[in-house]
Amino acid sequence: MLPPTETGNNISSAGIKCLFRLADPLIGQLDARQQITSILFTENGCFISVFGKMERTYYALMGYDFGMAASEIFTSGGYARYREAFSILIKELDISTLSSENLSLAFSSTRHTIVPGAFFNAEAARHCFGLNYKPIDGEILRSDYIRRTDAYMVYGIPPAIADIVSEIFPNTVLKSSTSFSVEWLLAATGIQPARLMLLDIRKTRLKIIVCGNDNLLYCNDFEIYAAEDIIYYSVFVASQLGVKDDLSVWISGSFGHDSRPYQLLAKYFEKVTFVPQPHDISFSSSLTGVTWNEYFTVLNAAICES
């Protein structure tokens, strides 16, 4: 993780921790109509990026932690705390004034299921979600239509985030970050006909998405505690699909070639690499050191909408 380039003292009194704030000093002079500001909500904060559509360049990348414990956002106290922190943050960053055409909103979802388009309706969505997860108090179900697969990504979001979007960004559609990842991987297999497995590794969570020949083959999240857990789930999924020997594995996460997860994956799969940065995408000088695979989830939301 890169250290902050600004202290974030203006928001620290509200309990908001600035993980990092990397921004081009010229960003305020750019034509606002040619920018996409992407907000990735998490259960304890958010990530924000600013992407220039004409130049295909990222000019800002920021991360904020609201100091909340796991699942605290689903409590009454956590609801109020999250909303207050986010309101203070967007006022300081002047994001609430942006038009819907210049915003991309996503929620980092780890609770989701797929429902085929032919069977989808609200009742079927609730039933399929309930087969996989025990509902959390107040959790709200949303769904994203994925055109390439004629299927719906059904996922749960905290009430605080649902209310923030409806009240502050009423004309902007919130999507699951998993939907963006599925769409991106499907597009990649359309250009490069092959079977691809995306392993998105975030602290104690592993997201596995497998696509082949423009088809979604698998999508799920797992809880992990060690590098060996990553190997177990990825090998198990590949073997169950019967694609282990004909599979390219792409990794996203904050680790390198010398890390244990990468070294173990390289032992079990013939073709392992980090998520490739699109050839037409670049970073401004203020984002030097940022890698595409480390922040893939938040960065991908901007280009999927542009």
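Details of the structure are given in the entry above.
For clarity, every value in this text was computed on a predicted model and none was experimentally measured.

Undergrad: What is the right way to look at helix α6 (residues 227–241) in this model?
TA: Given a rise of 1.5 Å per residue, 15 residues ought to cover 21 Å, and the 22 Å separating the end C-alpha atoms of α6 matches this to within 8%. For α6, the full list of buried residues reads Ala227, Ile230, Ile231, Ser234, Val235, Val237 and Ala238. Angularly, the buried residues of α6 cover 160° about the axis, an arc narrow enough to put them on a single face. Opposite the packed face of α6, turned more than 90 degrees from it, sit the exposed residues Tyr232 and Gln240.

Undergrad: Looking at this model, I keep getting lost on the sheet that holds strand β6 (residues 112–116). Mind explaining?
TA: Hydrogen bonds along the backbone pair up the strands of a sheet, which may run parallel or antiparallel. Within the open sheet, the three strands sit side by side as β6-β8-β7. Their pairing is antiparallel. In this open sheet, the two strands that pair with only one neighbour each are β6 and β7 (140–146). Across the sheet, the mean angle from the axis of one strand to that of its neighbour is 25°, orientation sign disregarded. Here β6 pairs with strand β8 (residues 151–157) via five bridges, running antiparallel.

Undergrad: Explain the environment of Lys244 to me, please; I cannot follow it from the model alone.
TA: Summarising the element assignment, Lys244 is placed in the loop between α6 and β13 (248–252). As a C-alpha pair, Lys244 and Ser234 span ten residues in sequence and 9.3 Å in three-dimensional space. Aside from chain neighbours lying at most four places away, what touches Lys244 is Val235, Ala238, Ser239, Tyr268 and Phe269. Here Tyr268 takes part through its backbone oxygen, which lies 2.8 Å from a polar atom of the side chain of Lys244.

Undergrad: Just to check I follow, could you spell out the packing of aromatic side chains for this structure?
TA: Geometry of an aromatic ring pair is reported as the spacing of the ring centres plus the angle between the planes. Across all of its chains, the model carries 19 aromatic pairs by this definition. A centroid spacing of 6.2 Å and a plane angle of 35° characterise the contact between Phe20 and Phe47, whose relative ring orientation is tilted. Pair noted here: Phe20 is in strand β1 (residues 17–23) and Phe47 is in strand β3 (residues 45–52), with a separation of 27 residues, a long-range link. Pair check on accessibility: Phe20 and Phe47 agree, each one buried.

Undergrad: Even after reading the chapter, I still don't get the packing of helix α2 (residues 76–93) against helix α4 (residues 159–168), so can you show me in this structure?
TA: Between two packed helices, both the angle of their axes relative to each other and the distance between the axes serve to describe the pair. Taken N-terminus to C-terminus, the directions of α2 and α4 make an angle of 40°; their axes are 9 Å apart at the nearest point. Taken together, α2 and α4 sit at an angle that is classed as oblique. The handedness of the crossing between α2 and α4 comes out as right-handed. Packed against α2, whose contacting residues are Tyr79, Tyr82, Arg83, Phe86 and Ile90, the element α4 presents Pro159, Ala160, Ile161, Asp163, Ile164, Glu167 and Ile168 at the interface. Residue composition of the contact of α2 with α4, grouped by class: nine nonpolar, no polar and three charged.

Rules behind the numbers
Residues numbered from 1 in each chain as written. Predicted model: local features only at pLDDT ≥ 70, side-chain atom pairs only at ≥ 80, totals over all residues. Heavy atoms only, no water. Helix = DSSP H or I, 4+ residues; strand = E, 2+ residues; numbered from the N terminus. Expected span 1.5 Å × (residues − 1). Buried < 20%, exposed > 50% of the residue type's maximum accessible area, 1.4 Å probe, protein only. Arc of directions from axis to C-beta. Pairing = 2+ DSSP bridges. Axes fitted to C-alpha atoms, helices over the stretch in contact; angles between N-to-C directions. Contact = heavy atoms within 4.5 Å. Polar contact = N/O pair within 3.5 Å; in protein donor to acceptor, adjacent residues only side chain to side chain. Phe/Tyr/Trp six-rings, centres within 6.5 Å; stacked < 30°, edge-to-face > 60°. Parallel < 35°, antiparallel > 145°, perpendicular 65-115°, else oblique. Left-handed = near helix turned anticlockwise from the far one by under 90°. Nonpolar A, V, L, I, M, F, W, Y, C, P; charged D, E, K, R; others polar.

The analysis is restricted to geometry; functional conclusions fall outside its scope.
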